[in-house]
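Residue-level structure breakdown
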Amino acid sequence: LTLLISGLTIFLSLRRFTRLQNWRAALLRTLGLNRSQLAAVYLLQVLGYWLIAALAGTLLAFVAQQGLFLLLADLLPQPIPATRPLFYLMGPALGGILVIALTLPALNQLCSTAPADLFHEQLQRSGYPVRVSYLVLAGFVLLSGLFYLNSLVLSLLLIGILLLSALLIAWLGSRLMGLFG
């Protein structure tokens, strides 16, 4: 039961960690890290967290055991034998195995983050729906067109041509993905 609860806790923590690190992974991929370098960065980070938790947990277990032995010393007829050091390593080792086993799928998802996800995350983080971002972009293009072309009709024509081009490219992309995907 303890392993199940700890495994579930590790799984939920890693899922949240992965969701929060998606933007950073996309940024690192944009800056030139390949999949293996990105995997090494995040694996070292997770193993560092595991090491800190393992040391703190082992120290806490040792202190709790010694405190319990002190409290029970008067109640027991003979002293409790000393614990072998191997028993103190079993908990962190089992936790490390759980962390590694549960990290690999999350790490694979994190390493497959495309650099283009950086822009997708920016639009979602802005707090505005994506449609509002498109309207702002269209307004920017319209104002730029007005500034450079000095004509509202030519600016609207430019927006229309850009919109039709984007739709044509999206349609062709979906057709090509259907043929080759």
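Given the structure is predicted, the values throughout are model-derived calculations rather than measurements. (Residues numbered from 1 in each chain as written. Predicted model: local features only at pLDDT ≥ 70, side-chain atom pairs only at ≥ 80, totals over all residues. Heavy atoms only, no water.)

1. Quick notes on the overall build of the protein chain
Within the protein chain, the regular secondary structure consists of 6 helices and 0 strands. Along the protein chain, from the amino end to the carboxyl end, the secondary structure elements read α-α-α-α-α-α. Taking all 181 residues of the protein chain together, the buried fraction comes to 17%. Accessible surface, the protein chain: about 13700 Å² in total, of which carbon and sulfur atoms supply 75%. (Helix = DSSP H or I, 4+ residues; strand = E, 2+ residues; numbered from the N terminus. Buried < 20%, exposed > 50% of the residue type's maximum accessible area, 1.4 Å probe, protein only. Areas by Shrake-Rupley, 256 points an atom, 1.4 Å probe, with all protein chains shown as cover.)

2. Re helix H3 (residues 85–111)
For H3, which comprises 27 residues, the first-to-last C-alpha distance of 38 Å matches the rise-based estimate of 39 Å (1.5 Å per residue) to within 8%. Within H3, the axis deviates most sharply at Thr 103, by approximately 35°, and proline Pro 105 lies no more than four positions further along. Looking at H3, one finds that the buried residues are Tyr 88, Pro 92, Gly 95, Gly 96, Val 99, Thr 103, Ala 106, Leu 107, Leu 110 and Cys 111. (Expected span 1.5 Å × (residues − 1). Bend = angle between axes of the 7 residues up to and from the residue.)

3. A closer look at the packing of aromatic side chains
By the definition in use, this model includes 3 aromatic pairs. On the basis of an interplanar angle of 80° and a centroid distance of 6.1 Å, the ring pair of Phe 17 and Tyr 42 is categorised as edge-to-face. One end of the pair, Phe 17, is in helix H1 (residues 2–30); the other, Tyr 42, is in helix H2 (residues 35–72), with 25 residues separating them in the sequence. In terms of burial, Phe 17 and Tyr 42 fall into one category: buried. (Phe/Tyr/Trp six-rings, centres within 6.5 Å; stacked < 30°, edge-to-face > 60°.)

4. Some remarks on a nonpolar patch on the surface
Judged by side-chain polarity, Leu 149, Leu 154, Leu 157, Leu 158, Ile 161 and Leu 162 come together as a nonpolar surface patch covering roughly 510 Å² of accessible area. For the nonpolar patch, the leading source of residues is helix H6 (residues 152–180), giving 5 residues. Relative to the helices and strands, Ile 161 resides in helix H6. The exposure class of Ile 161 is partly exposed, given its relative accessible area of 47%. (Patch = residues over 30% accessible without salt bridge, like charges linked within 9 Å, V, L, I, M, F, W, Y side chains within 5 Å. Salt bridge = Lys/Arg side-chain N within 4 Å of Asp/Glu carboxyl O.)

5. As for the side chain of Gln 21
Structurally, the position occupied by Gln 21 is in helix H1. In terms of polar contacts, Gln 21 uses its side chain to reach the side chain of Tyr 42, at 3.3 Å. Each residue touching Gln 21, except ones within four places of it in the same chain, is listed here: Tyr 42 and Leu 110. (Polar contact = N/O pair within 3.5 Å; in protein donor to acceptor, adjacent residues only side chain to side chain. Contact = heavy atoms within 4.5 Å.)

6. Describing the environment of Asn 34
Considering the arrangement of structural elements, one finds Asn 34 in the loop between H1 and H2. Given the relative accessible area of 38%, Asn 34 is considered partly exposed. Residues Asn 34 and Ser 112, spaced 78 residues apart in sequence, show a C-alpha to C-alpha distance of 9.9 Å.

7. Structural notes on the nonpolar core
As a rule of thumb, nonpolar side chains are buried together in soluble globular proteins. Counting residues in hydrophobic clusters, the biggest one holds 12 residues: Ile 10, Leu 14, Phe 17, Ala 25, Leu 38, Ala 39, Tyr 42, Val 46, Val 99, Leu 107, Leu 110 and Cys 111. Of all elements in the fold, only H1, H2 and H3 reach the threshold of two or more residues within this core. Beyond its immediate stretch of four places on either side in the chain, Leu 14 contacts Val 46, Val 99, Leu 102, Thr 103 and Ala 106. (Core = buried A, V, L, I, M, F, W, Y, C linked by side-chain atoms within 4.5 Å.)

8. Brief notes about the side chain of Gln 65
Structurally, Gln 65 is set in helix H2. Apart from the residues within four sequence positions on either side, Gln 65 is in contact with Thr 83 and Tyr 88.

9. Some words on the confidence of the model for the protein chain
Per-residue pLDDT for the protein chain averages 76, and the proportion of residues at 70 or more is 74%. Looking at the elements of the protein chain, mean pLDDT is at its lowest for helix H4 (residues 117–125), recorded as 56, and at its highest for H2, recorded as 89. (pLDDT = per-residue confidence, 0-100.)

10. Concerning the packing of H2 against H3
At a minimum axis distance of 9 Å, the contact between H2 and H3 shows a crossing angle of 155°. In terms of orientation, H2 and H3 fall into the roughly antiparallel class. H3 is crossed by H2, and the crossing has right-handed handedness. Partitioning the contact of H2 with H3 into residue classes produces 16 nonpolar, 7 polar and 1 charged. (Axes fitted to C-alpha atoms, helices over the stretch in contact; angles between N-to-C directions. Parallel < 35°, antiparallel > 145°, perpendicular 65-115°, else oblique. Left-handed = near helix turned anticlockwise from the far one by under 90°. Nonpolar A, V, L, I, M, F, W, Y, C, P; charged D, E, K, R; others polar.)

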